[in-house]
Amino acid sequence: LAAHFTAKCLRGQRLLITAGPTFEAIDPVRGITNLSSGKMGFAIARAAREAGAEVTLVAGPVHLPTPRGVTRLNVQSARQMQDAVQSQVSNASIFIATAAVADWRPAEFSDQKIKKDGSGDVPAMSFVENPDILAGVAQSAQAKSGKLYCVGFAAESHDLLRHASAKRVRKGVPLLVGNIGPATFGKDDNALVLIDEDGSKELPHASKDVLARQLVEEIAQRLTAPLG
Ligand code: CTP
Ligand code: CA
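Conventions used here
Residues numbered from 1 in each chain as written. Chains lettered and ligands numbered in written order. Predicted model: local features only at pLDDT ≥ 70, side-chain atom pairs only at ≥ 80, totals over all residues. Helix = DSSP H or I, 4+ residues; strand = E, 2+ residues; numbered from the N terminus. Rg over C-alpha atoms; globule rule 2.2 N^0.38 Å. Contact = placed C-beta atoms within 7 Å. Buried ≥ 20, exposed ≤ 12 C-beta atoms within 10 Å, placed from the backbone. Pairing = 2+ DSSP bridges. Axes fitted to C-alpha atoms, helices over the stretch in contact; angles between N-to-C directions. Expected span 1.5 Å × (residues − 1). Core = buried A, V, L, I, M, F, W, Y, C linked by C-beta atoms within 7 Å. Arc of directions from axis to C-beta. Near = placed C-beta within 6 Å. Nonpolar A, V, L, I, M, F, W, Y, C, P; charged D, E, K, R; others polar. Right-handed = clockwise from strand over helix to strand, strands pointing away.

Asker: Please explain the overall build of the protein as it appears in this structure.
Answerer: Check the secondary structure of the protein and you find seven helices and 12 strands. Over its C-alpha atoms the protein spans a radius of gyration of 18 Å, differing by no more than 12% from the 17 Å that the globule rule assigns to 228 residues. With the C-alpha coordinates aligned to their principal axes, the bounding extent of the protein is approximately 65 × 35 × 35 Å. A separation threshold of at least 6 residues defines the contact pool for the protein, and within that pool the share at least 24 residues apart is 62%.

Asker: Help me understand the environment of Pro 131, please; the structure alone is not making it clear to me.
Answerer: Mapped onto the elements of the fold, Pro 131 is located in the loop between β8 (127-129) and α4 (133-138). Pro 131 gets classed as partly exposed once you count the C-beta atoms within 10 Å, which come to 15. Once the C-alpha coordinates of Pro 131 and Ala 78 are considered, the two residues, 53 residues apart in sequence, prove to be 7.3 Å apart. The residues touching Pro 131, leaving out its near neighbours within four places in the chain, are Ala 78, Arg 79, Gln 82 and Gly 136.

Asker: For this particular structure, what's the right way to read the sheet that holds strand β11 (residues 189-196)?
Answerer: The strands making up a sheet are joined through hydrogen bonds of the backbone, oriented either antiparallel or parallel. Overall, mixed pairing links the eight strands, which are arranged β5-β4-β1-β6-β9-β10-β11-β12 in an open sheet. Taken across any chain shown, the strands that pair with only one partner, and hence form the sheet edges, are β5 (71-74) and β12 (199-207). Averaged over all pairs of adjacent strands, the angle between strand axes in this sheet comes to 15 degrees, irrespective of strand direction. Pairing of strand β9 (residues 149-154) with strand β10 (residues 175-179), which is carried by four bridges, proceeds in the parallel orientation. Opposite Ala 154, over in β10, you have Gly 178 as the bridge partner.

Asker: What am I meant to see in helix α6 (residues 160-171) here?
Answerer: The terminal C-alpha atoms of α6 lie 16 Å apart, and with 12 residues this matches the ideal 16 Å at 1.5 Å per residue to within 8%. Trailing α6 by a residue or two, Gly 172 shows a phi angle of about 75 degrees, which is positive.

Asker: It is not clear to me how the nonpolar core should be interpreted in this structure. Could you clarify?
Answerer: One broad rule of soluble globular proteins: the nonpolar side chains tend to lie buried together. Ile 44, Ala 48, Phe 95, Cys 150 and Val 216 are the most contacted members of the largest nonpolar core, which totals 57 residues. In terms of residues, this core owes the most to one element, helix α2 (residues 39-50), which gives seven residues. Once residues within four sequence positions are removed from consideration, Val 216 is found in contact with Cys 9, Leu 10, Ile 44, Ala 47, Ala 48 and Ala 51.

Asker: Please clarify how helix α3 (residues 78-88) should be interpreted in this entry.
Answerer: Taken residue by residue, α3 has Ala 78, Met 81, Gln 82, Ala 84 and Val 85 as its buried positions. Mapping the buried residues of α3 onto a view down its axis gives an arc of 165 degrees, with all of them on the same face. Looking at the buried residues of α3, the elements they touch are β1 (14-19), β2 (23-27), β4 (54-59), β5, β7 (104-106) and α4.

Asker: What exactly am I supposed to notice about the site of ligand 1 here?
Answerer: In the neighbourhood of ligand 1, 16 residues make up the surrounding shell, with Ala 97, Val 101, Ile 133, Leu 134 and Gly 152 lying closest. Of all the secondary-structure elements, those providing two or more residues to the shell around ligand 1 are α4 and β9. Considering every element that reaches the shell around ligand 1, the biggest residue donor is β9, with three residues. Taken together, the residues that form the shell around ligand 1 break down as 10 nonpolar, three polar and three charged.

Asker: So what exactly am I meant to see when it comes to the pairing of strand β3 (residues 30-33) here?
Answerer: Across four bridges, β2 lies against β3 in antiparallel orientation. Across the sheet, residue Glu 24 finds its bridge partner in β3, namely Ile 32. In this structure, the hairpin formed by β2 and β3 is closed by a connection of two residues.

Asker: Can you walk me through the pairing of β10 in this structure?
Answerer: Sheet faces and side chains relate simply in a regular strand, where the side chains alternate between the two faces. Within β10, four of the five residues are buried, which leaves it mostly tucked inside the rest of the structure. In terms of handedness, the path from β9 via α6 over to β10 forms a crossover that is right-handed.

Asker: Please explain the environment of Arg 11 as it appears in this structure.
Answerer: With respect to the element layout, Arg 11 can be found in the loop between α1 (2-6) and β1. Along the chain, Arg 11 and Gly 52 lie 41 residues apart, while their C-alpha atoms are 4.2 Å from each other.

Have a look at this one:
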């Protein structure tokens, strides 16, 4: 592995990667978000940089240091994440979506803090669907013409392989990576399953740093393989 890394398997590639959760504000003091530490995405950004890629990291609200040599754009909401991705994607040759994007946001944002009125009533709240950032990028001409290699992630609570395989097809990405086991959030280790058109392959339990390097190598191999 180390030898491959000194060989800089992503030299000349430009990686755009999303990481962390998004935060969808309800009012100035509240919002909804997802469980995501950002650690896997940051580890991939670091590993890709070490493998020679130019890396731009679009990060939701997380408290993690920026990996050395990586350009970071901080965002809060899914729409801000989408705007940041769209502003950078034309320059990218690889797009990896590790972010746990909130699927819905509150339909209304209240400029003022919503107060209890003393009656015990709870506020009615409705939601609208957020844009699917990965699906949008994967359906772009840049991706469809083979100039941009797209990788998605999936965290499923059950039937990982079935859901993740279906998700790969639905999103239109060549590679979909599943987190094995539900309780990866915040941890420093994980296990992954890589799903592509040829089937699936497990990367067994290891630190997120080790898995990130393995994943970078897997992606590099797929970039050089002839398009199938
Ligand atoms: N994703 C995205 N934008 C969204 C939702 C998801 O870019 N609005 C990306 C994630 O970063 C991940 C992949 O799509 O790479 C799969 O996300 P996931 O939440 O597992 O899939 P969904 O399509 O949202 O389906 P569901 O949550 O219902 O399983
Ligand atoms: Ca989702």
